[in-house]
Amino acid sequence: MLVVKEITELQAIIDHEKKEGKTIGFVPTMGALHNGHISLVETATQQSNYVIVSIFVNPTQFNDKKDLINYPRTLERDLKLLDKTSCNLVFSPDTNTMYPEKDNRQFNFGQLETVMEGQFRPGHFNGVAQVVSKFFEIVKPDKAFFGLKDFQQLVIIKALVKQLNLPIEIVPCPIVRENDGLAMSSRNQRLTKEQRHNASHIYKTLCEARNKAHTMSVKELKQWVAETINQNEFLETEYFEISDDEELNPIKDWNSPLNKVGCIAVQCGEVRLIDNIVFE
C-alpha cells in the first residue's frame, strides 16, 4: 500500500494505472477510521481495479471551529487498518496542499442544503462540495463510494456530480452498525462510556418509529420520536425529519408515493450524532 502526500505524485501513479486499463475506485474520508470505512473499501475493491482512500480533515466544512479542533486524528492507526485491506493507495495531503489559496467558490444546491443538516450547520455542505470537487478533479475516479449514514451529504454529492457534469458514478453503501445498533462514526470515539451506552437509544427509537408508522400520522410520529429521545437524560433531539430520498422534501402523509427516509440529529453531551432509517 502506497502512502502519498503530494498531488503530482498521486496523479502520476493514477495516470500509470489508467494506462494499464485499471478502473479507479475512490473512498474519501476524514480519518479516525472504523469498520464502516473499511466496508466502503471492500465495496470499492469489488467494483474497481485500483482503490484510493483519502484521509484529510477538511476545515471548510466545520461551521463549529471547536468541533474541528476536537475531531479525532489517528493517521498512524488508520494506515495500519488500511494496510490489512485491499486499499492500493492512501492520499494524505496537508491543508496547504488542498488549499494553497482560499477557496471562495459558492455552490448552490437549493433546498437540499437548507433543510436538516443545512439548517443547523450553515456553510457545511458548501465546504463538503469544495473539498469533494477538489478530490474529484485530482483523482478523476471512475467510481466514488459514500456511506448512507450521511444521507443528506450523499444526495448533495450526487447533485454536485450532476452540476459539474463529471463522469463519476456515486455508489451508496449501507450503514454499518455496532452490535447495539449505534451507527458507526468517528465521533463515537469522543463519547464517554455512559454516553456510548445511552447513544444506542437513537437507533432503537428509529426502529420503533418504523413499526409505529402505520398507527400514527407523520406529524404525530415525528413528535413521538423527539419526545422519546429526549426522555433519555443523555440525549437531546436537534431534529427528526421524514423526507423523500431525492429532493429531501418533507413528507406530509404516508400516502405519498415517494421513498421515505427518517433523518435524525441528536446531541449526546458535546458530541453530535446523526442517523437515518428507511420507511418501507
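Residues numbered from 1 in each chain as written. Predicted model: local features only at pLDDT ≥ 70, side-chain atom pairs only at ≥ 80, totals over all residues. Heavy atoms only, no water.

1. Observations regarding the pairing of strand β2 (residues 24-29)
- Most of β2 sits out of view: 6 of its 6 residues are buried.
- What you see with β2 is no split at all: I24, F26 and P28 on one side and G25, V27 and T29 on the other are buried throughout.
- Where β2 meets strand β3 (residues 50-55), 6 bridges bridge the pair, whose relative direction is parallel. Across the sheet, the residue bridging to F26 is I52, located in β3.
- In this fold, β2 hands off to helix α2 (residues 35-47), which returns the chain to β3; that crossover is right-handed. (Buried < 20%, exposed > 50% of the residue type's maximum accessible area, 1.4 Å probe, protein only. Helix = DSSP H or I, 4+ residues; strand = E, 2+ residues; numbered from the N terminus. Pairing = 2+ DSSP bridges. Right-handed = clockwise from strand over helix to strand, strands pointing away.)

2. Concerning the sheet that holds β3
- The strand order across the open sheet built from 6 strands is β1-β4-β3-β2-β5-β6, with neighbouring strands paired in parallel fashion. Strand pairing shows two members of the sheet lacking a second neighbour, β1 (2-4) and β6 (169-173), which therefore form its edges. Ignoring strand direction, the axes of neighbouring strands in this sheet form an average angle of 25°.
- Here β2 pairs with strand β5 (residues 143-147) via 2 bridges, running parallel. Paired with F26 across the two strands is A144, which belongs to β5.
- On top of the sheet, helix α7 (residues 124-139) reaches β2, β3, β4 (89-91), β5 and β6; it is set at about 150° to β2, its chief contact.
- Sheet contacts for helix α8 (residues 151-163): β5 and β6; angle to β6, the most-contacted strand, approximately 170°. (Axes fitted to C-alpha atoms, helices over the stretch in contact; angles between N-to-C directions. Contact = heavy atoms within 4.5 Å.)

3. Here we look at the environment of I138
- Mapped onto the elements of the fold, I138 is located in helix α7.
- Separated by 25 residues in the primary sequence, I138 and Q163 have C-alpha atoms spaced 17 Å apart.
- Apart from residues no more than four positions distant in its own chain, I138 is found in contact with I7, L10, Q11, I14 and M98.

4. Digging into α2
- End to end, α2 covers 18 Å across 13 residues, agreeing with the expected 18 Å (1.5 Å per residue, within 8%).
- Of the positions making up α2, those classed as buried are G36, H37, I38, S39, L40, V41, T43 and A44. (Expected span 1.5 Å × (residues − 1).)

5. Some points on the packing of aromatic side chains
- Taken as a whole and assessed by the stated rule, the structure comprises 9 aromatic pairs.
- Centroid distance F56 to F135: 6.3 Å. Interplanar angle 80°. Geometry classified as edge-to-face. One end of the pair, F56, is in the loop between β3 and α3 (65-70); the other, F135, is in helix α7, with 79 residues separating them in the sequence.
- Residue F135 is classed as buried on the basis of its relative accessible area, which comes to 3%.
- Judged by centre distance (6.0 Å) and plane angle (5°), the ring pair of F107 and F109 falls under stacked. (Phe/Tyr/Trp six-rings, centres within 6.5 Å; stacked < 30°, edge-to-face > 60°.)

6. Quick look at the pattern of salt bridges
- Tallied over the full model, the rule gives 15 salt bridges.
- Across the pair D103 and R105 runs a salt bridge whose closest N-O atoms are separated by 2.7 Å.
- Since its relative accessible area comes to 14%, D103 is described here as buried.
- In this structure, R196 and D180 form a salt bridge, with 2.9 Å as the shortest nitrogen-oxygen distance. With R196 in helix α9 (residues 193-199) and D180 in the loop between β6 and α9, this residue pair connects regions lying 16 residues apart in the sequence.
- Residue R196 is classed as partly exposed on the basis of its relative accessible area, which comes to 22%.
- Via salt bridges that share partners, E117, R121, E238 and R272 belong to a single interconnected network. (Salt bridge = Lys/Arg side-chain N within 4 Å of Asp/Glu carboxyl O.)

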